[in-house]
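Coordinates in review
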Amino acid sequence: MDGCSVLPMVIMISIMPGLVGSELRMSRHELRGSQLTEGLDVPRPRAKRGWIWKQLFVEEEDPTQKVIGQLKSNYDRGDFAIRYILSGEGAGEAFIIDEYSGEIHTLKSLDREEKAFYVLQAQAIDRRTGQPVEPESEFIIKVQDINDNAPEFINEPYVSSIPEMSPIGTTVVQVTAMDADDPMFGNNAKLIYSILQGEPYFSVEPKTGIIVTSWPNMDREASEKYLVVVQVKDMLGFSGGYSATTTVTITLTDVNDNGPTFQHNLYTFALAESAPVGTTVGRVMAEDADIGVNAKMNYSLDDLEESATFWVHTDPETQEGIVTLAKPLDYESKRRFVIAIEAINDHIDTRFLSYNEFYDRTMIKILVTDVDEPPIFSAPFYEWKVLENAPVGTQVGTVYGRDTDAANNPIRYSISRSSDLKKVFRVDPNNGTVSVAEPLDRETAAWHNLTVTAKETKENQLSSSVSVSIKVLDINDNIPTLSRDYQPYVCEGTEAGELLQTISAVDADDPAEGHHFYFSMVPDKHINPNFTIRDNQDNTAGILTRRSMFIRRDRTLYQLPVVITDSGSPALSSTSTLTISVCACQPAGHCPSGGVEALALSMGLSTQTLLGLSVCFITLIALSLLMLAVWRHRKLQQQKLAAQELDTEEYSERVVLYSEANAVEDTAAFSIQPVPLRPHPRRREHRLRREEVTASIRMSLRHSHLIGPEDEVFRQFIMDRLAEADQDPYVPPFDCLRTYAFEGTGSLAGSLSSLESSTFDPCVGRPCDPGPRFLRLSPWQGAEEDETSF
């Protein structure tokens, strides 16, 4: 109820005592103290006689201008001496007053829903004196309600749900309607509810609008959703009133009132015997009319004999039972399985069904189909042991494989080459016996991992493999040695009994009980006067001094043999010699072991002297490198200059070896070999004249006349010329043949060599004809007549 409805009630209650006798007089002073506000309920005192009027009402929505009442002063004698004036809410717009008679007239149609009452003030003025004859009076005009508004539903839309199987009278939802008319006046705003659609399943309380169930045990599986149409009417449903409707959506929520049910009494599946574990055999489904958690179920296999071969689990999405292979199948052993499968709901509600109704059972039959299978081994893997000193041919173990098919084909065994590259083992192809084929060494390979293959010899020749691990057991066949290269030293001021070095040993063997080494001195009839060994009984030993006052100038190095014995059976030992150096230690006991300082000590020189020598040596190396760089620079400059002046070509030279004993026209008497020619550069800075070279050769030849061909002088002459030609790039040979021969002694004709002639040179000025026994060489282009040639 709003403020517009409350305020008229307050006003009516406050003025009721004054209406008994149908007249009320109220002084202006008393009305001014009264404040009419929403929610205020203060009783009014009885007014004194001064103004006279009846309760004023105006009917809403009435456009007719009419008189709704009259105000009159107690001093009005009917002579029109009193003038009435109206002011306040709606004065002049909705209401006017007759200034002579005091009658109040309406000017327009009013709407109670907009304004339920008007507060106005009236004055009575003496026309003759212009003075008020009565205090100003305040009064109320109430707008009287008519049924001009239809009821309306609020809080739409209406959606609700109830569990299925609910009893009669279960509250579903409450619908509420509002009417803008005055609920305090007549039946305009009095509402009543009824069902237009939804019976006989639902009904509504007429006054409250509460919808309840009117049908027992409604089943969601039969109908899940209901649309209920509710009507509301004002004026208590009598004719002439207004109405409105709303639709309420009611959903039945699921309860577990249905159990799972298999649609078939037997399900049949087939599966190959080679199917791996985990293979899906098939799916079965128990129907459940419920939904959600009420439809969830678990499946189980009920067969004590065969349940271990298969297992079943529930698909969480589809609620199907998935039958899966749990163990390998063997067609030759069992060809058919018959198993019972059961389904039961997860959530059981015994309010609706008994326990047994939430459970169902059916049978499944699984047929195993035959598959040609490879051989299988008696074990998934084999692990053997063998001593590392086992002789070749020793049997290590045997693998067993068989063909499980009905044919039972024979099998041959082999070792995969990739697993035994060195062919250390071999397998008997008929019985699978593995034996040693090569000597073993645990220190080289402690384990051998073989792959043995079994293959059928008939039909499809299927094969399978198995892993064989062979551990090589250790024997004591390695001597112990020092764990590292020790370099002990003794300081010059060391006292007797001081520890110089702690040593340890290693052994390639791996005894089961672990290593234990013993350290000792080499047995000798004389005791070592300088050092001794103390075995610490923990696989280490200490080197100790027997005396003091070791002096480097007397002796710089001592040799100490150490005997190391292991605990094997039989025990093995070795002797290692430690070199103990005498050192002029630093104050902290440190002995320089490298660098300039150690080198100086070993040479008996001071550090300053050795540093000075090092500086001189480094300076000498730097000067040598500088000189070498200058020489290489000059050589490169000369080569660049010569390259600018040369215009060389490549030639072939044929060296002819001629034997005078076979001086006949026979080309087989000599051999020809091509070799690359050296370029013949033009040398401007020094050019030998032909006369100078010829004179030099003549002098050499004159001396050669006095000696024989086997003389050392003759041979040296030839070798000198050959070396000169090979090593000097500025001298011949050029593209011309020269022959050197011993002409003998005592010849009256003199020398026949062209070297004796100063005017005849067959290779200068014109090409030389070598005759039929010689090959003509290509002319040497670029040579001039003034250049020297041989």
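Residues numbered from 1 in each chain as written. Predicted model: local features only at pLDDT ≥ 70, side-chain atom pairs only at ≥ 80, totals over all residues. Heavy atoms only, no water.

1. Here's the deal with the overall build of the protein
Heads up, the rule is: For helices the rule is a DSSP run of H or I covering at least 4 residues; for strands it is a run of E covering at least 2, with both sets numbered from the N terminus onward. The buried label applies to any residue whose accessible area, calculated with a 1.4 Å probe on protein chains only, is under 20% of its type's maximum; exposed applies above 50%, and partly exposed to all values in between. What makes two residues a contact is simply this: any of their non-hydrogen atoms within 4.5 Å. All accessible-area figures derive from a Shrake-Rupley calculation using a 1.4 Å probe, and residue coverage is judged against the displayed protein chains alone.
Assigned secondary structure in the protein consists of six helices and 45 strands. Out of the 790 residues belonging to the protein, those deemed buried represent 35%. Put simply, of all contacts in the protein between residues at least 6 apart along the chain, 66% involve residues at least 24 apart. When the accessible surface of the protein is totalled, it reaches about 46800 Å², and 53% of it is carbon and sulfur.

2. Brief notes about the side chain of Asp126
Examined against the element boundaries, Asp126 turns out to sit in strand S7 (residues 117-126). Residue class for Asp126 comes out buried when judged on its relative accessible area of 12%. Apart from the residues within four sequence positions on either side, Asp126 is in contact with Ala81, Gln131 and Val133.

3. Side note on the side chain of Asp181
Test applied: The positive count covers Lys and Arg only, the negative count covers Asp and Glu only, and His and the chain ends enter neither. Here, a salt bridge means any Lys or Arg side-chain nitrogen found within 4 Å of an Asp or Glu carboxyl oxygen. A 3.5 Å cut-off defines polar contacts: any pair of N or O atoms within that distance qualifies, except that in protein one atom must be a possible hydrogen donor and the other a possible acceptor, and neighbouring residues in sequence count only when both atoms are side-chain atoms.
Following the sequence through the fold, Asp181 ends up in the loop between strand S12 (176-178) and strand S13 (192-197). It turns out Asp181 is buried and unbridged, and the closest side chain with the opposite charge, Arg112, is 5.3 Å from it. Separated by 2.7 Å, the side chains of Asp181 and Asn149 make a polar contact. The contacts of Asp181, once residues within four sequence positions are left out, are Arg112, Glu113, Asp145, Ile146, Asn147, Asp148, Asn149, Asn188, Ala189 and Asp234.

4. A look at the pairing of strand S38 (residues 499-506)
Our working rule: A pair of strands is treated as paired once DSSP finds two or more bridges between them.
Where strand S36 (residues 481-482) and S38 come together, two bridges link them in antiparallel fashion. Paired with Leu482 across the two strands is Ala505, which belongs to S38. Where S38 lies against strand S41 (residues 540-545), five bridges are found, and the strand directions are antiparallel. Directly across from Thr502, in S41, lies its bridge partner Gly542.

5. Observations concerning the pattern of salt bridges
Overall, the coordinates contain 16 salt bridges when judged by the stated rule. Note that Glu443 is salt-bridged to Arg442, the shortest N-O span being 3.2 Å. Here the salt bridges share partners, and the residues they tie into one network are Arg220, Glu221, Glu224 and Asp254.

6. Observations concerning the environment of Val522
Inspection of the secondary structure puts Val522 in the loop between strand S39 (518-521) and strand S40 (531-535). Its relative accessible area of 36% is what places Val522 among the partly exposed residues. Distance from Val522 to Pro561, taken between C-alpha atoms, is 6.2 Å for residues 39 residues apart in sequence. When residues no more than four places from it in sequence are discounted, the contact partners of Val522 are Pro561, Val563 and Thr575.

7. What about the confidence of the model for the protein?
Spelled out, the test is: Per-residue confidence from the prediction method is given by pLDDT, with values spanning 0 to 100.
Per-residue pLDDT for the protein averages 79, and the proportion of residues at 70 or more is 74%. Here residues 682-688 scores under 50 on pLDDT; set against residues more than four positions off or in separate chains, the count is ten contacts. In this model residues 770-790 is a low-confidence stretch, pLDDT under 50, and it forms 47 contacts with partners more than four residues away in sequence or in other chains.

8. Here we look at unusual backbone geometry
Geometrically, the link from Glu199 to Pro200 is a cis peptide bond, its omega value of 5 degrees lying close to zero. For Pro200, the location among the structural elements is in the loop between S13 and strand S14 (202-204). With an omega of 0 degrees, the peptide bond running from Ser569 to Pro570 counts as cis. Take Pro570: it is sitting in the loop between strand S42 (557-565) and strand S43 (573-583). Phi is positive for Lys423, which is not a glycine, with a value near 55 degrees. The residue Met549 is not glycine, and still its phi comes out positive at about 60 degrees. Within the element layout of this structure, Met549 appears in the loop between S41 and S42. Its relative accessible area of 53% is what places Met549 among the exposed residues.

9. As for the sheet that holds strand S4 (residues 82-88)
Applied cut-off: To define axes, lines are fitted to C-alpha atoms, for helices over the stretch in contact only, and angles between the resulting N-to-C directions are given on a 0 to 180 degree scale.
With mixed pairing, four strands are arranged side by side in an open sheet as S2-S8-S7-S4. Looking at the sheet topology across the chains shown, the edges are occupied by strand S2 (56-59) and S4. Averaged over all neighbouring strand pairs, the angle between strand axes comes to 30 degrees, with direction disregarded. The pairing of S2 with strand S8 (residues 132-144) spans four bridges and is classified as parallel. Its bridge partner lying in S8, Leu56 is registered against Ile141.

10. Re the environment of Cys491
Inspection of the secondary structure puts Cys491 in strand S37 (residues 489-491). Among the residues examined, Cys491 registers a relative accessible area of 16% and is labelled buried. Residues within four places of Cys491 in sequence aside, it is in contact with Phe550, Cys583, Cys585 and Gly589.

11. Some thoughts on the sheet that holds strand S32 (residues 425-427)
The three strands are arranged S29-S33-S32 in an open sheet whose pairing can be described as antiparallel. The open sheet is flanked by strand S29 (395-398) and S32, the only strands paired with a single partner. Between one strand axis and the next, the sheet turns through 20 degrees on average, direction left out of account. One ladder, built from three bridges, connects S32 with strand S33 (residues 433-436); its direction is antiparallel. Directly across from Phe425, in S33, lies its bridge partner Val436.

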